[in-house]
Amino acid sequence: MKQFSLEMLTILALVGVFLANSAESAKVFSSGVVDLYFEESPVEYDFELRRDNVVKMTGIFGKGVDFTNTSPNFNVTIMSVDDGFRVDWRSSDPNFQTTDCLNLQSETLHWYGGPEIYEQKWPIEKLQLSGDDAYVARKDDNFAVPERYWLNSLGAFVFISERSPLFVDQNTEENPDRVCFISKNEGPYINRTGLFSQAYLMAFDEPVSAHRSAVAQFLGEPEELPNVNMITEPIWTTWAKYKKYIDDTIVSEFAYDVLDHGFKGQIEIDEQWETCFGSREFIPDKFGNIKNVVEDLQEQGFRVTLWAAPFINPDCTELILEGEEKGYFVQNTIGNMTTVWWESNDARQIDFTNPEASEWYSQKLRRILQQVGVDGFKFDAGETDYVAQPGVYPHVDQELIPNILTKSYIKTVSEFSNLAEVRSAFRTQNYSMFLRMIDKDSVWGLDDGLQSLVTTLLQLNMIGYSFVLPDMIGGNAYRAQPDLELVIRWTQATVFMPSMQFSFLPWDFEDDEQLKGTEIIRSMVELHTKYAPNIIAAMEEKLINRTPTNPPVWWIAPFDETALGISDEFLLGEDILVAPVMEQGATSRDVYLPEGSWLDGNDPAVKYEGPIWLDYNAPLDVLPYFIKE
């Protein structure tokens, strides 16, 4: 391992450790097969990352920094590591900031990873991100999973430390066709005595080996699967169909309606079941018989789970007083504890970075498990920006603020992970629970609708989360009610994903002689059940070989230029390719099959030799999928 230090001056001070034969204007660090080239300029450096002399990544280093200053207030250390370099910026001045940029080269390169976001474009060179917004887990723009990992189609990636106070500016007027990583102590990044920013620049022969290395070194992975019953049988949740208007009678009728139509699985009781949000006690007038209802549903073969959130509402007076007295709630720098969420403008957010507050929360959930006998929980929220900003977290390393709140929340609820789901995440790929996509809406488009389902699946898998729970089939009906066509196509899209989650019931929609919606959906649920062993095997491969459960098509064709850009198909493991129809009114679609022999899943007598484009006939009862021989 070599270390190159840019102490007090510039890269020019390191001539002695550059490759001896480098050109006068190009200075080179070498870590063996990977080299980092710098081309000097007065206020920044152009760089190239090469492997075996093939350019894998280009960009700008130190944008806006005055490298000619003879008394600078910063130093930079570049350290060689296997397959790349670690770059550390340090300054004792908390007001110092740095900007390093990657050239997206979107006409010739594709990029993967980055944040979960409302309009989940894929590959992610298509995204636009504002450098005015902190790169943290936040409710704004569905930004619930902000992992700091960017991989390109040539096999190079950047990973940025969770200690870096990160802002990301991409495809803006100032930075067209670039993604810029800005480190500055502003916004939620508080109580820092200086500036520290750390990034890894890594290069491999192709993106598959690059990603496997990223999982092993940086992203992490779980040690076991979540509860396989959440894979083999559907989840039936009350939220989209009933919203908050539920009681124990409705829950029972909902479950028996499912049972009477020949389905089974998991019944999820969403909000509003608590006497006040945060009490973890059932409303007596609405759920006076809930223990018996839960026992009856379990006898019928259902599992029963409850919605839970990390907030306490103001009408939970005793809990508010207790939490405030004991310091269990997050407050900002002037002592304001107000948390604004969708059920209150003056709630409190439990501070999960405080071990005592975390235990206080968990005790109430354990009591529900014991008293009512439910099997698990749907954990909502967890993003950092529900609290008055900037949040103060006195119990933790200040350089981990604010994402440490999300990370601590997920760690807390992982106790219940045998039958649990969460919707936010940060550096929590090691937990064996489902990560639910952020709420989808009942529309067709990429604007948080059906078309964003596959792109979100790919994005989450490629930042290390392979136990993905798609949101409710048909969406949440926030803007409009779904129709039967949308529900059918949505159902098909989830068949080869890890789990299927319904709220709108198929038979709620009127059938006609030509459209037997319930039977089409039943056939898709049966198809999911048939391939559940394949899904489980693919999830196990995540544990063994660091293979995403649902990778992009290029995973099996990393040098295929067409496959590298595919955004509306996905794989299950490495041998099933799925191409759902996601256009309203469409009865066919173009399908790309990469190299290999592919059997038509709907007619195994038909074989295709890839690479090939198909104009595939897909009426409403057909899901295009293909099995690699």
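The structure contained in this document is the topic of the report that follows.

Calculation criteria
- Residues numbered from 1 in each chain as written.
- Predicted model: local features only at pLDDT ≥ 70, side-chain atom pairs only at ≥ 80, totals over all residues.
- Heavy atoms only, no water.
- Helix = DSSP H or I, 4+ residues; strand = E, 2+ residues; numbered from the N terminus.
- Rg over C-alpha atoms; globule rule 2.2 N^0.38 Å.
- Buried < 20%, exposed > 50% of the residue type's maximum accessible area, 1.4 Å probe, protein only.
- Contact = heavy atoms within 4.5 Å.
- Areas by Shrake-Rupley, 256 points an atom, 1.4 Å probe, with all protein chains shown as cover.
- 1 Å grid on protein atoms, 1.4 Å probe; cavity = no way out; pocket = protein on both sides within 12 Å on 5 of 7 lines; lining within 4 Å.
- Points joined across faces, edges and corners; volume = space filled by probe spheres on them.
- Nonpolar A, V, L, I, M, F, W, Y, C, P; charged D, E, K, R; others polar.
- Expected span 1.5 Å × (residues − 1).
- Arc of directions from axis to C-beta.
- Pairing = 2+ DSSP bridges.
- Axes fitted to C-alpha atoms, helices over the stretch in contact; angles between N-to-C directions.
- Parallel < 35°, antiparallel > 145°, perpendicular 65-115°, else oblique.
- Polar contact = N/O pair within 3.5 Å; in protein donor to acceptor, adjacent residues only side chain to side chain.

### A closer look at the overall build of the protein
Here comes step 1: In terms of regular secondary structure, the protein is built from 13 helices and 32 strands.
Here comes step 2: The globule rule puts the C-alpha radius of gyration for 629 residues at 25 Å, and the 26 Å found for the protein is close to it.
Here comes step 3: In terms of overall dimensions, the protein has a C-alpha envelope of 80 × 70 × 40 Å along the principal axes.
Here comes step 4: Out of the 629 residues in the protein, the part that is buried amounts to 64%.
Here comes step 5: Here the analysis covers contacts within the protein between residues at least 6 apart in sequence; of these, 68% occur between residues at least 24 apart.
Here comes step 6: Accessible area for the protein stands at about 22700 Å²; split by element, carbon and sulfur atoms hold 46% of it.

### A few points about the layout of surface pockets
Here comes step 1: In this structure, the largest pocket spans a volume of roughly 330 Å³.
Here comes step 2: Taken together, 20 residues form the lining of the largest pocket, with W342, Y386, R423, D439 and Y478 sitting closest to its centre.
Here comes step 3: Its residues assigned to classes, the lining of the largest pocket comprises eight nonpolar, one polar and 11 charged.
Here comes step 4: In this structure, the second largest pocket encloses a volume near 230 Å³.
Here comes step 5: Around the second largest pocket sit 15 residues that line it, and Q451, S567, D568, M582 and E583 are the ones nearest its centre.

### Quick notes on helix α13 (residues 532–545)
Here comes step 1: Given a rise of 1.5 Å per residue, 14 residues ought to cover 20 Å, and the 19 Å separating the end C-alpha atoms of α13 matches this to within 8%.
Here comes step 2: For α13, the set of buried residues is A532, I535, I536, A538, M539 and K542. Projection of α13 onto a plane perpendicular to its axis shows the buried side chains occupying an angular sector of 160°, all on one side. Opposite the buried face of α13, by more than 90 degrees, sit the exposed residues P533 and I544.
Here comes step 3: For α13, the secondary structure elements touched by its buried residues are α1 (207–219), α2 (229–232), β25 (434–436), α12 (517–530) and β28 (570–572).
Here comes step 4: Two residues or fewer past α13, R546 is found with a positive phi of approximately 60°.

### Some remarks on the pairing of strand β21 (residues 344–349)
Here comes step 1: Where strand β18 (residues 311–312) and β21 come together, two bridges link them in antiparallel fashion. When the sheet's bridge partners are listed, F311 is paired in β21 with Q349.
Here comes step 2: With two bridges joining them, strand β20 (residues 339–341) and β21 adopt antiparallel strand pairing. Bridging across to β21, W341 finds its partner in S344.

### Brief notes about the environment of L195
Here comes step 1: Residue placement: L195 occurs in strand β14 (residues 195–203).
Here comes step 2: It is 33 Å that separates the C-alpha atoms of L195 and L458, two residues lying 263 residues apart in sequence.

### Structural notes on the packing of helix α11 (residues 484–494) against α12
Here comes step 1: In the contact formed by α11 and α12, the axes pass within 9 Å of each other and the chain directions differ by 10°. When the axes of α11 and α12 are compared, the pair comes out roughly parallel. Residues L484, V487, I488, T491, Q492 and T494 of α11 form the contact with α12, whose participating residues are G517, I520, I521, M524 and H528.
Here comes step 2: In terms of residue class, the contact of α11 with α12 is built from six nonpolar, five polar and no charged.

### A look at the environment of I410
Here comes step 1: With respect to the element layout, I410 can be found in helix α9 (residues 404–413).
Here comes step 2: Look at I410 and you get buried, because its relative accessible area is 1%.
Here comes step 3: Linking I410 and A425, residues 15 residues apart in sequence, is a C-alpha distance of 6.9 Å.
Here comes step 4: Beyond its immediate sequence surroundings of up to four residues, I410 is in contact with V422, S424, A425, T428, Y431 and M433.

### What about the side chain of R303?
Here comes step 1: Residue placement: R303 occurs in strand β17 (residues 303–308).
Here comes step 2: Polar side-chain contacts of R303 include one of 2.7 Å to the side chain of E233.

### So, the environment of F570
Here comes step 1: Of note, F570 is situated in strand β28.
Here comes step 2: Counting along the chain gives 235 residues from F570 to G335, while the straight-line C-alpha distance between them is 48 Å.

### Examining the sheet that holds strand β26 (residues 468–469)
Each strand in a sheet pairs with another by means of backbone hydrogen bonds, the pair being arranged parallel or else antiparallel.
Here comes step 1: Strand order across the open sheet formed by eight strands is β26-β25-β24-β22-β17-β16-β15-β27, with parallel pairing between neighbours. Looking along the sheet, the strands with just one partner apiece sit at the ends: β26 and β27 (501–502).
Here comes step 2: In this structure, β17 lies alongside strand β22 (residues 376–379), joined through four bridges in parallel fashion. What sits directly across from T305, in β22, is G376.

### Some words on unusual backbone geometry
Here comes step 1: A cis amide bond, omega 25°, links E271 with the succeeding residue Q272.
Here comes step 2: Mapping Q272 onto the fold places it in the loop between β16 (266–269) and α5 (284–287).
Here comes step 3: Look at the link from I401 to P402: it is a cis peptide, with omega at 0°.
Here comes step 4: Here P402 shows up in the loop between β23 (391–392) and α9.
Here comes step 5: Despite not being glycine, N142 shows a phi value in the positive range, around 55°.
Here comes step 6: The phi dihedral of N191 is positive, around 60°, even though this residue is not glycine.
Here comes step 7: Summarising the element assignment, N191 is placed in the loop between β13 (178–183) and β14.

### Some points on the packing of helix α4 (residues 248–260) against helix α6 (residues 290–299)
Here comes step 1: Here α4 crosses α6 at 10°, and the two axes come no closer than 10 Å. In terms of orientation, α4 and α6 fall into the roughly parallel class. Residue-level inspection shows D248, V251, S252, A255 and Y256 of α4 in contact with α6, the latter providing I290, V293, D296 and L297.
Here comes step 2: Class assignment of the residues belonging to the contact of α4 with α6 gives a composition of six nonpolar, one polar and two charged.

### Quick look at empty space enclosed by the protein
Here comes step 1: Counted by the stated rule, this structure contains two cavities of 30 Å³ or more.
Here comes step 2: Lining the largest cavity are 17 residues, with W89, D100, F181, A199 and L201 sitting closest to its centre.
Here comes step 3: The set of elements that each furnish at least two residues to the lining of the largest cavity consists of β5 (54–61), β7 (84–91), β8 (98–103), β11 (156–160), β13 and β14.
Here comes step 4: A per-element tally of the lining of the largest cavity places β14 first, with four residues.
Here comes step 5: Looking at side-chain class alone, the lining of the largest cavity contains 12 nonpolar, four polar and one charged residues.
Here comes step 6: Empty space within the second largest cavity amounts to approximately 120 Å³.
Here comes step 7: Considered class by class, the residues forming the lining of the second largest cavity number 10 nonpolar, four polar and one charged.

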